[in-house]
Amino acid sequence: MKITLIQALLIGIVYYLGNIGTPWLSLLGSISVVYKPLVAGTLVGFILGDPVQGCIIGAAINLPYVAFISAGGTAPQDPGLAGTVGTAWAMAAGVNPAAAVTIALPLGLLGTMVWVAHMTLDVTFVHMADKYIETGETKRLWIYNWLLPNLFAGVVYGLPAFFVCYFGAGAFESFMASLPAFISNALTVVGSILPALGIGMMFKAVYKQKFLAFAIIGFVLIAYLHLDII
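Residues numbered from 1 in each chain as written. Predicted model: local features only at pLDDT ≥ 70, side-chain atom pairs only at ≥ 80, totals over all residues. Heavy atoms only, no water.

Asks: Got a sec to walk through the overall build of the protein chain? Specific residues and values, please.
Replies: Looking only at helices and strands, the protein chain features nine helices and zero strands. Scanning the protein chain from its N terminus toward the C terminus, one meets helices and strands in the order α-α-α-α-α-α-α-α-α. Taking as baseline every contact in the protein chain between residues at least 6 positions apart, the subset at least 24 positions apart corresponds to 71%. Working note: accessible area of the protein chain is about 12700 Å², and carbon and sulfur atoms make up 74% of it. (Helix = DSSP H or I, 4+ residues; strand = E, 2+ residues; numbered from the N terminus. Contact = heavy atoms within 4.5 Å. Areas by Shrake-Rupley, 256 points an atom, 1.4 Å probe, with all protein chains shown as cover.)

Asks: How would you summarise the packing of aromatic side chains if you had to cite specific residues and measurements?
Replies: Inspection of the entire model under this criterion finds eight aromatic pairs. Here the aromatic rings of Phe-125 and Phe-152 are separated by 6.1 Å at their centres, their planes lie at 65 degrees, and the arrangement is edge-to-face. With Phe-125 in helix H5 (residues 97–135) and Phe-152 in helix H6 (residues 141–166), the pair connects residues that are 27 residues apart, well separated along the chain. When sorted by exposure, Phe-125 lands in the same class as Phe-152, which is buried. With 6.5 Å between their ring centres and 40 degrees between their planes, Trp-142 and Trp-146 make a pair best called tilted. (Phe/Tyr/Trp six-rings, centres within 6.5 Å; stacked < 30°, edge-to-face > 60°. Buried < 20%, exposed > 50% of the residue type's maximum accessible area, 1.4 Å probe, protein only.)

Asks: Could you give me a rundown of the packing of helix H1 (residues 5–18) against helix H4 (residues 79–93), with the residues and numbers involved?
Replies: At a minimum axis separation of 9 Å, H1 and H4 run at an interaxial angle of 165 degrees. Judged by the inter-axis angle, H1 sits roughly antiparallel to H4. Note on packing geometry: the crossing formed by H1 with H4 is right-handed. Between H1, through Ile-11, Val-14 and Tyr-15, and H4, the contact on the second element is made entirely by Gly-80, Leu-81, Thr-84 and Ala-88. Class assignment of the residues belonging to the contact of H1 with H4 gives a composition of five nonpolar, two polar and no charged. (Axes fitted to C-alpha atoms, helices over the stretch in contact; angles between N-to-C directions. Parallel < 35°, antiparallel > 145°, perpendicular 65-115°, else oblique. Left-handed = near helix turned anticlockwise from the far one by under 90°. Nonpolar A, V, L, I, M, F, W, Y, C, P; charged D, E, K, R; others polar.)

Asks: For the nonpolar core, give the residues involved together with the corresponding values.
Replies: Judged by nonpolar contacts, the single largest core of 47 residues is most densely connected at Ile-3, Ile-11 and Leu-48. Among the elements of the structure, H1, helix H2 (37–48), helix H3 (51–62), H4, H5, H6, helix H7 (168–178) and helix H8 (181–206) are those that each provide at least two residues to this core. For Leu-48, the residues in contact, after removing those within four places along its chain, are Met-1, Ile-3, Gln-7, Ile-11, Ala-88 and Met-91. (Core = buried A, V, L, I, M, F, W, Y, C linked by side-chain atoms within 4.5 Å.)

Asks: Just give me the short version of helix H9 (residues 212–225), but keep the residues and values in it.
Replies: Under the 1.5 Å per step criterion, the end-to-end length of H9 is 20 Å for 14 residues, consistent within 8% with the ideal 20 Å. Residue His-226 follows H9 closely and has a positive phi angle near 55 degrees. (Expected span 1.5 Å × (residues − 1).)

Asks: Please give an account of the packing of H3 against H4 that cites residues and values.
Replies: Where H3 contacts H4, the axes come no closer than 9 Å and their chain directions differ by 130 degrees. As judged from the angle between their axes, H3 and H4 are oblique. For the pair H3 and H4, the crossing hand works out as right-handed. Contact residues: H3 offers Gln-53, Gly-54, Ile-57, Gly-58 and Ile-61, while H4 offers Ala-82, Gly-83, Gly-86, Thr-87, Ala-90 and Met-91. Here the contact of H3 with H4 is built from residues that sort into five nonpolar, six polar and no charged.

Asks: Break down the side chain of Asn-150 for me, with residues and values.
Replies: In this fold, Asn-150 is placed in helix H6. The class of Asn-150 is buried, set by a relative accessible area of 10%. A distance of 2.8 Å separates the side chain of Asn-150 from the side chain of Tyr-16, its partner in a polar contact. Polar contacts involving the side chain of Asn-150 include one to the main-chain carbonyl oxygen of Trp-146, which spans 2.8 Å. (Polar contact = N/O pair within 3.5 Å; in protein donor to acceptor, adjacent residues only side chain to side chain.)

Encoded structure:
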């Protein structure tokens, strides 16, 4: 699948809108819902013409991040980049959801660097606003509190996502097609195990012994009656 210029631009906008620090869909008391790979993947699927596949891949990528917490301004991973670009690359290359997880997690680590750069450089705008506070020119504060930070967020979030989807998806598709079968199978196996890490972290956070029986019964029913995990 080839990602067109318009599609890549829209994917970049999805990543920008969902990111922490942009006011449109975030900063409402919690992380933006579009920051979740399940939601981002579905939106990317709509953009690429297959929302169902986008939702399936996004859901798979979301599982390792199911216990993700950003506390005190720290971001140990970037689920937004993993879900947005990871889904786009996976759909472009035609890989299965399990392999998509293995592809997406390194993107989440890379996104952490973008987050740190964004937060570090954003402080500059605060100091720019200081001089207007000192002189009482508060009418111009919106430029440094809203306009410039948002333009900067568009540059550090939207543009990289656009470029890697438009220029990188084709190269990634060729790379995946050239991989030997045993490597592709290994990616699938690793990607099938990684969601267990996210689920395990979630259980560690919310686990109470009185719930253990329900968890065991639930997984037994899923395994033997072939029920959906929901």
